[in-house]
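Residues per chain are reported as follows:
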Amino acid sequence: MKNDKFKGEDGGFAINGGRGWSEVVFRNHMIDVRGTTAHAMGEYIFTDATSGDDVTVQYTFGYKRCGDGKVRICLHHSSVPYQVVCEVPKAVPSALMTENDIHEAQKAWGNAIKAITKAHQ
């Protein structure tokens, strides 16, 4: 990063590796208001402050009105748009998932995170 004040800090998405963002445009797919809470989902487009390139990211936000009257984000998830990288083989009789499939996928993900940690120690 160019600013020595932040030397050694994470150069992650929020600060775009030190390049920053010049614009963020929300495109809501849906906003669901439920009293003192709400959910919004859609995509936002970030414009790189250096190159002018746009990056599209999908989001889900949860909001709530707090005791001081301010609306705050209480839930957030963002991800790059889904791209098909494989197709279900035609020989598979059913592509339906089970809860066990999810538990196995979660276990594999957790084990992968632990393996990455060990590799970097």
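As shown above, the structure is provided for reference.
Here is a short report on the structure shown in this document. As the structure is a computational prediction, the values presented were derived from the model and not from experiment. Residue numbers run consecutively from 1 along every chain, following the written order of its sequence. Given that this is a predicted model, residues contribute local features only at a pLDDT of at least 70 and side-chain atom pairs are listed and counted only at 80 or more, while totals for whole chains, interfaces and linings are drawn from all residues. In computing side-chain properties, one takes all heavy atoms of the structure into account and sets aside hydrogens as well as water.

1. Overview of the pairing of strand β1 (residues 21-34)
Threshold: Strand pairing is defined by DSSP finding a minimum of two bridges between the two strands. Every helix listed is a DSSP run of H or I at least four residues long, and every strand listed is a run of E at least two residues long, numbered separately from the N terminus.
Bridge analysis of β1 against strand β2 (residues 37-48) gives twelve bridges, and the strand direction is antiparallel. Each bridged residue has a counterpart across the sheet, and for Trp 21 the counterpart in β2 is Asp 48. Hairpin connection, β1 to β2: the antiparallel pair is bridged by two residues, and Gly 35 has positive phi, about 70 degrees.

2. Details of the pattern of salt bridges
Definition in use: Salt bridges, as used here, are contacts in which a Lys or Arg side-chain nitrogen is within 4 Å of a carboxyl oxygen on Asp or Glu. Think of it in three bands: residues with accessible area under 20% of the maximum for their type are buried, residues over 50% are exposed, and the middle band is partly exposed, with areas taken using a 1.4 Å probe on protein chains only.
By the definition in use, this model includes four salt bridges. With a shortest N-O distance of 3.2 Å, Glu 43 and Arg 27 are connected by a salt bridge. Of this pair, Glu 43 sits in strand β2 while Arg 27 is found in strand β1, placing the two residues 16 residues apart along the sequence. Note on Glu 43: relative accessible area 25%, which makes it partly exposed.

3. So, the sheet that holds strand β4 (residues 71-79)
Selection criterion: Fitted lines through C-alpha atoms give the axes, limited to the stretch in contact for helices. The angle between two N-to-C directions lies from 0 to 180 degrees.
Sheet architecture is open: four strands sit in the order β1-β2-β3-β4, paired in antiparallel fashion. Each having just a single partner strand, β1 and β4 make up the two edges of the open sheet. Ignoring strand direction, the axes of neighbouring strands in this sheet form an average angle of 25 degrees.

4. Points about the environment of Asn 100
For clarity, the threshold we go by: Polar contact is defined as a pair of N or O atoms within 3.5 Å, subject to the rule that within protein one atom must be able to donate a hydrogen and the other to accept it, and that residues adjacent in sequence are counted only when both atoms are side-chain atoms.
Following the sequence through the fold, Asn 100 ends up in helix α1 (residues 99-119). Reaching out from Asn 100, the side chain makes a polar contact with the side chain of Glu 104 at a distance of 2.8 Å.

5. Description of the pairing of strand β3 (residues 54-65)
Pairing of β2 with β3, which is carried by eleven bridges, proceeds in the antiparallel orientation. Note that in β3 the partner of Ala 40 across the bridge is Phe 61. If you look at the hairpin formed by β2 and β3, you'll find five residues sitting between the two strands, and Gly 52 has a positive phi there, around 85 degrees. Bridge analysis of β3 against β4 gives eight bridges, and the strand direction is antiparallel. Its bridge partner lying in β4, Tyr 59 is registered against Ser 78. Hairpin connection between β3 and β4: a loop of five residues separates the two successive antiparallel strands, and Gly 69 in this loop has a positive phi of roughly 90 degrees.

6. Thoughts on the nonpolar core
Here is the rule we go by: By nonpolar core is meant a set of buried Ala, Val, Leu, Ile, Met, Phe, Trp, Tyr and Cys residues that side-chain atoms within 4.5 Å join together. Whether two residues are in contact is decided by their heavy atoms, any of which lying within 4.5 Å being enough.
Of all hydrophobic cores here, the largest spans seven residues; its members are Trp 21, Ala 40, Tyr 44, Phe 46, Val 57, Tyr 59 and Phe 61. Elements represented by at least two residues in this core include exactly β2 and β3. Not counting residues within four places of it along the chain, the set of residues in contact with Tyr 44 comprises Val 24, Val 25, Phe 26, Val 55, Thr 56, Val 57, Tyr 59, Phe 61, His 76 and Ser 78.

7. A short note on the packing of aromatic side chains
For clarity, the cut-off: For Phe, Tyr and Trp, rings pair up if their centres lie within 6.5 Å, where Trp contributes its six-membered ring, and each pair is then called stacked (planes under 30 degrees apart), edge-to-face (over 60) or tilted (otherwise).
Tallying each qualifying case throughout the model produces nine aromatic pairs. Seen in terms of ring centroids, Tyr 44 and Tyr 59 are 4.8 Å apart; in terms of plane orientation they differ by 40 degrees. Their pairing is tilted. Of the two residues, Tyr 44 sits in strand β2 while Tyr 59 sits in strand β3, which places them 15 residues apart along the sequence. Residue Tyr 44 shares its accessibility class with Tyr 59, and that shared class is buried. Taking the relative accessible area as the measure of exposure, Tyr 59 reaches 3% and is therefore buried. Feature note: the residues Trp 21, Phe 26, Tyr 44, Phe 46, Tyr 59, Phe 61 and Tyr 63 constitute an aromatic cluster, connected by ring pairs.

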